[in-house]
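Here is what each chain is made of, one letter per residue.
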Amino acid sequence: MINYSEIEAKWQKAWADARIFENDVSDKPAYMVTAAWPYVNTPLHIGHLRAFGTSDVLARYKRMRGFNVIYPMGFHATGTPVLAFAKRIKSGDKEIVEELRMFHVPDVEIQKMTEPAYIAAYFTNESRQLYGRSGFSMDQRRSFVSTDPQFSKMVEWQFAILNSKGYLTKGRHPVGWCPNEDNAVGMHDTKHDVEPEIEEETAVLFRVDGEDAYMLCTTYRPETLFGVTNMFVNEKVQYVACRIGDGGKQYYISKAAAGILKYQTKVEILEEVGADRLLAKTCINPMNGSKLPVLPGFFVKEGVGTGIVMSVPAHAPFDYAALERLRKEGRLQQEIKPIKVLDVKVGRSLSDVSVGEAKPSQMDVPALAYMEILHTNVDAIDDMLEFATKLEYREESHWGRMLAKGYEGMSEPEAREKMKKELAANGNAISVYALQNAPVYCRCGYEVVVKVVEDQWFINYGDKAWKEESKEALKRVNLLPDRTRNAFDAAMDWIDMRAVARAQGLGTRFPLDSTKIIESLSDSTIYMSFYTISNLVKDLAPEKLRPEFFDFVFKGIGDADKVAASTGIDYTLIKKCRESFEYWYRDTSRGSGPDLIFNHLVMYIYNHTAVFDSAYWPKQIVVNGFVMSEGEKMSKSLGNIVPLSDALAKYGADPSRMNVIAGADLYSDADFSGTAVRGIQERLEYLYNAATDLDKLGSGELKSIDYWLYSKLSGKIGRATAAMEKLELRDAYIPIFYDSVLELKRYFARGGGNGIVVKDFLSSVALMLQPMAPHLAEEMWHTLGNDSFASLEKWPEADKDMLDAKAESVEEAIERMLEDARQVIALMEKKSGKRARSIKLMVAEDWKRKLLNALAKEKRVDRALAAVNGEEGVSMETAERIATMLAKRMNELQPVGLTQQEEFVGFSDAAGYMAKQLGCDVKVEKEAAAMSERAWRSVPLKPSIDLALE
RNA sequence: GCGGGGGUGGCAGAGCUUGGCCAAAUGCGCAGGAUUGAGGUUCCUGUGGUUUUAGUACCUGCAAGGGUUCAAAUCCCUUCCCCCGCACCA
C-alpha cells in the first residue's frame, strides 16, 4: 500500500523549502495561469479541486514545456454574501451552522463568525492550507483579497477609465426589494435562497365609459385584446382610484396593487372605491371601441396584477368558467359570446388530439375544448383550470395563428410584440414589473416586492464600439474547449446595461457616488493583472497608489521619475512593477466554470479591451465542467457535497486529482466516485511498485517485445502531448496512465523483463504523470534514481525512431490470433466433447504478402493475382480463394511489411505466452512446411490454425 | 419564451469539425474461471441483438421521422425529450 499522506507531506515540504513555484521576472518565456477565485464564505469542496486542479495541471505542464510559470490565487470577499453570512450566524441560523459542521468547521470557530473580517480570515487560511495539501503549484506570495485597500485603488483607477470612455451611464432599474428592511434583496437574502425573478408585464388601459379614468389591467397575452368580452373584478376586494406617475391619468386598481406599485412609480391615492362601484361601470376596449361590462370574477386576486382582469373567455378557461358560473347563478344579465382570436393549425392541437375530431362548439371556444380534453369542466377546482390554462397557453403560443384584422396569420409571440408596441405608442398601455415566482419572502419575513431604483449607475456593455472591440478581442482568444465559442458569441451579443452600484456590501466605493459600493462581479474583471504586482505593493500605503502609478505600470503612460515624485513610491519599485506586468501579462490563461461565461468571462474580456493595450488582452480561456458525487449532482439539499479536506484525507491528493480532473473531458461533468478513485489508486500503486521492483529485472539484448514497449511509449507521448496542448486531460491521461498499466502488464506477461527498457518507460510515464499526480510522480522519479524535481523536468519528447510498426503489428496479430483460437477451441470442444490438446499455427508464405499488398494498393482482384502469377510455389487456385476472401474486406486492407520469417519469429517467441493463455500446447510452423490440409488458409498476420483434440 | 449545450450497450463516456477504413476506446457494473481457509484484492475470459460457422462473416442497431449521397452516428430538414443560463446575483 502506498502511504499517500506521507509521500504528499514529504514533497509538499520539499517544494515549499525550495520555493520552486515562486517565480519572478527572468529570461525564460513567461506564462501565467489564473483561475476564478473562491468566495471567502465557502469551504472548499471537490468541485474546487477540479477548477483549481485543472489550472494546476496546465501550470505544471507549461513549466515542463520550458515556461517560467506563475499560478497565483486570491480571494473574493466583496459584495453582500459575507455580510449576510455574518448576520445569519449572529441570528443563530440553524441551516448555516449545519452546513459548516458538514465541512468540519469547529463550533468555536462558527461562534466567532459574526464579523466579516473574521469569516474572511478563517476561510482564506483554511483554503490556503488545502491548496498546499492538494499539491497546487501556486505562488502564494501573490495572494490577496478583493477587500484589500491596495486592490481597491486599482479598481478606482479602472472605473475612472471606464468613466472617461463614457461607459458609465445612469438610469432606472427594477430590483427585488424588501419593504420592511428597505433594501434590495438578492438570492442570499431570501428564505430558501430563491432568486426574485423580475418580469415585465404589459398593463392595458381600459377607459371607463363616461369618465376620464381607466381600469388598469395587467396581462401576459395582450394579443388577445380583440377577444375581450368584459372585465372581471373581485367583489370582496378593496379598490382605489389613484393617479400613477407624475401628472398621470386616473386609474382604478386594487388597493393591494397600489401598495405594490408605489415602489415602481409615484402612486397618489384619490379615494377608496368598493367593488360594487366598479361593477356598475362599463369599459371601452382600446383596440376596437367595444363596450365591456364589469362582472364579478371568483378567481381574481387583489395582489396579483392590478386586481382587475380583462376577460377573454374564448382562450382563458378561468374567464370562461367565471362567466358560466355567473350564468348558472342567474347573475348574468346580458348574453356574452366568446370571441375567438386565434386558431391552431389543423392536426396540431389539443395535445395531439386532432382538431378535426373536435366538435364545432369546441372549435369556437378553445378554452372549453381544453377543459374537455382534460376531462374537466367549468365547476372544477382552480388547480384543474390552471392546468388547462397552461396547456392552452403553451399550445396556442406554439402553433396558434392570429385571426384578427391586421394580425392575420401571425404567430402568437409575433402578434404579442406588435400589439405591445402599438399599445405603448398610442398610450394605451404601460409597463409594470412583477415577481415571476411570487411570493418570495425576505429572511425577515416580509414579502419581496419589485422596486424601481431611480438614478442607478450602469456599465454600458451595450456600447457599440466597445462591443465591436470586445468581439474582436474574443476572436483572438484561444477558447478551451473551442465548442464554448457559440456560448461566448451569444453572451457577447446579449450583454447590455449592467447595474454597477449597490447600496450595501463590502467593496470599493463607486467613484461617481461615494454612498454606493461597486457591485462585486464588476470589481473583479481585471484583478488577474494585479497578481503581477500584488507581492510588490502589498506593504505600500494605499494612498500612495495614485492613478498615475497604475497608468505607468499597466499602460506605460508617463515616466517613473515623475510617478515616484508625486506618489512617494520608490523609483526602482515602480520600474519593477512595470517590468513585472509587461513580463507576466502577455501569455495568460484564465480558468473558469461554464456558469461564468455569461457574466464574469464576458466582462473580463470587455474590461480588458477598455483598460489595457491589445498586447495584454486575454489569450486563453479554459472552461471546465462541474463535479458530481457518486453520479448525483452535489447540492446542499441532498447533503452530498464532498468537502475537499475529506477527499484528500480519505483517498490522497493524487488519486482525487486524477478522478476529478482526468475523469471527464474538460467541459463535461466529472463524477467523484469511490470505486473510480480506488481503481486509480490500484493503478498508481502498480506503476509505483514497478519502479521500486526495478532492481529485480535483468538486462540483455533487446527482444521484439522490448521494441514493442518502446514503440508504445513513443506513440503515447505523441498522443498525450497533442491532448495536453488542448487541455483534453482525459484524452491525455488514458495513454499516459491507464494504457501504461495495461502495456506493462502485457510486457511482463509476454516475457519482457529488461530493466533498462522498463526504466526508460517508467521515467517518461512518471514525468507525464507529474502534472496530474505530482506527489507520486516525484516519488517515482526519485525511486528511479533521479535527484532533480520531476516538477521542474522537461516533458518527454516522442522519439519517432522508436515507433516500430512491425513490433506493434506482431503483438496485434498475436492478440487477434488468440481471439480466433479461443473461438475455434470453444466451438470444437463443444462439438466433440473433447478437450483441445494442441494447436499448430501456420504462417503465410511470402507470396501471399505480395498478393495482399497488391490488393491493398490496386483494390482489384485481377491485378493482384497477376502480380503473383508465376511466382515460385504459387498455386493460382489457392491465390484466387485467398484473394476473394481478402477482397471482402477491401477497405480495411493494410499493406503488411513483415516477411514470413519475421512473422514466424514473432509468433514463435510468443508461443509460450499463447500456450499459457489458451491452456494447450502451441506450435508455430511455416505454411509450406506444415503439411496440413488447413495450411492454405493462412493469411499474412493471420496464421491458419490446426487444432488437435485429445 | 429567448440563448447555449446535449440525446450513442446495464451505466459513465469516445467517435460528429474533415461522410467510407468505425459503431463503441477506456472505465464501472454484471457473468464465468483462476488465486484465496472464506470474504476482499489480484489475474484471465465474456458482455447490443441475431443467424451461421473449424475462426478471417452477415443482418439489425447511434432519440423519432424524412432528405442529400454510390456511402450517414457524422451533412440538411422536421418533431420529441433532457440539462444549463436569463442579470445587478456570487
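For the structure, check the block above.
Here's what I pulled together on the structure shown here. None of these values were measured; they are calculated from a predicted model. (Residues numbered from 1 in each chain as written. Chains lettered and ligands numbered in written order. Predicted model: local features only at pLDDT ≥ 70, side-chain atom pairs only at ≥ 80, totals over all residues. Heavy atoms only, no water.)

### A word on the overall build of chain A
Secondary structure summary: chain A contains 36 helices and 30 strands in total. Seen through its principal axes, chain A has C-alpha atoms that stretch 115 × 85 × 50 Å. When contacts within chain A are restricted to residue pairs at least 6 apart in sequence, long-range pairs at least 24 apart make up 75% of them. With the model as given, the accessible surface of chain A reaches about 41,800 Å², and the carbon-plus-sulfur share is 50%. (Helix = DSSP H or I, 4+ residues; strand = E, 2+ residues; numbered from the N terminus. Contact = heavy atoms within 4.5 Å. Areas by Shrake-Rupley, 256 points an atom, 1.4 Å probe, with all protein chains shown as cover.)

### Considering the side chain of Asn607
Looking at the secondary structure, you find Asn607 in helix α22 (residues 597-611). Taking relative accessible area as the criterion, Asn607 reaches 1% and is therefore assigned buried. Side-chain polar atoms of Asn607 contact the side chain of Thr525, separated by 3.5 Å. (Buried < 20%, exposed > 50% of the residue type's maximum accessible area, 1.4 Å probe, protein only. Polar contact = N/O pair within 3.5 Å; in protein donor to acceptor, adjacent residues only side chain to side chain.)

### Comments concerning the sheet that holds strand β4 (residues 183-184)
Whenever strands of a sheet pair, they do so through backbone hydrogen bonds, lying parallel or antiparallel. One open sheet holds the 4 strands; their spatial order is β4-β3-β17-β19, and the pairing between them is antiparallel. Only two strands of the sheet have a single partner each, and these edge strands are β4 and β19 (497-499). With 9 bridges joining them, strand β3 (residues 168-178) and strand β17 (residues 449-460) adopt antiparallel strand pairing. Among the inter-strand pairings, Gly171 is bridged to a residue of β17, identified as Gln456. (Pairing = 2+ DSSP bridges.)

### Let's talk about the pairing of strand β22 (residues 513-518)
The sheet contact formed by strand β20 (residues 501-502) and β22 spans 2 bridges and is antiparallel. Its bridge partner lying in β22, Ala501 is registered against Ile518. In the sheet, strand β21 (residues 509-510) pairs with β22 via 2 bridges, with the strands oriented antiparallel. Along β22, the bridge assignment pairs Phe510 with Asp513. Between β21 and the antiparallel strand that follows it, β22, lie 2 residues.

### Quick look at the pattern of salt bridges
Using the criterion set out here, one finds 48 salt bridges in the structure. Salt-bridge contacts for Lys516 lead to Asp513; the nearest nitrogen and oxygen are separated by 3.5 Å. Taking the relative accessible area as the measure of exposure, Lys516 reaches 23% and is therefore partly exposed. It is possible to trace a salt-bridge network through shared partners that takes in Arg19, Glu22, Asp24, Asp139, Arg141 and Arg142. (Salt bridge = Lys/Arg side-chain N within 4 Å of Asp/Glu carboxyl O.)

### Let's talk about the state of the cysteines
Scanning all chains against the criterion turns up 0 disulfides. Free of any disulfide, Cys283 has its nearest neighbouring cysteine sulfur in Cys217, separated by 9.1 Å. Cys283 sits in the buried class, given a relative accessible area of 0%. (Disulfide = S-S within 2.5 Å.)

### A word on helix α28 (residues 755-769)
Side chains that are three or four residues apart share a direction in an α-helix, a result of its 3.6 residues per turn. Between its terminal C-alpha atoms α28 stretches 20 Å, which fits the 21 Å expected from 15 residues at 1.5 Å a residue. Here α28 lies mainly inside the structure; 12 of its 15 residues are buried. Every buried residue belonging to α28 is among Gly755, Val757, Val758, Phe761, Leu762, Ser763, Ser764, Val765, Ala766, Leu767, Met768 and Leu769, and all of these are buried. Those residues of α28 that are buried are in contact with α2 (46-64), α25 (674-692), α26 (704-725), α27 (729-749) and α29 (774-783). (Expected span 1.5 Å × (residues − 1).)

### Some thoughts on the packing of α25 against α29
Direction vectors running N to C along α25 and α29 enclose 15°, while the axes themselves pass 9 Å from each other. In terms of their interaxial angle, α25 and α29 are classed as roughly parallel. Helix-helix and strand crossings are classified by hand; for α25 and α29 the assignment is left-handed. Here α25 contributes Leu684, Leu687, Tyr688, Ala691 and Thr692 to the contact with α29, which in turn contributes Leu776, Glu779, Met780 and Thr783. (Axes fitted to C-alpha atoms, helices over the stretch in contact; angles between N-to-C directions. Parallel < 35°, antiparallel > 145°, perpendicular 65-115°, else oblique. Left-handed = near helix turned anticlockwise from the far one by under 90°.)

### Some details on the nonpolar core
In globular proteins that are soluble, nonpolar side chains generally tend to be buried together. In this structure, Phe549, Tyr733 and Leu769 are the most contacted members of the largest nonpolar core, which totals 180 residues. When sequence neighbours within four positions are dropped, the list of residues in contact with Phe549 reads Ile533, Val537, Val563, Thr567, Ile569, Ile574 and Cys577. If you look at the next biggest cluster of nonpolar residues, it comprises 56 residues, including Val228, Ala275, Ala321 and Ala367. (Core = buried A, V, L, I, M, F, W, Y, C linked by side-chain atoms within 4.5 Å.)

### A look at the protein's contact with RNA strand B
RNA strand B sits among 50 residues. The nearest are Tyr39, Arg502, Asn599, Glu682 and Lys745. Within 4 Å of the protein, the contacting atoms of RNA strand B are drawn from sugar and phosphate to the extent of 59%. One of the backbone N or O atoms of Met497 is found 3.2 Å from a base nitrogen in RNA strand B. In the model, a base oxygen of RNA strand B is placed 3.2 Å from a nitrogen or oxygen of the Ser944 side chain. For the surface near RNA strand B, the secondary-structure elements that each account for two or more residues are α16 (485-494), β19, α25, α27, α30 (805-832) and β30 (944-949). The element that contributes the greatest number of residues to the surface near RNA strand B is α30, accounting for 6 residues. Counted by class, the surface near RNA strand B contains 17 nonpolar, 12 polar and 21 charged residues. (Near = heavy atom within 4 Å. Nonpolar A, V, L, I, M, F, W, Y, C, P; charged D, E, K, R; others polar.)

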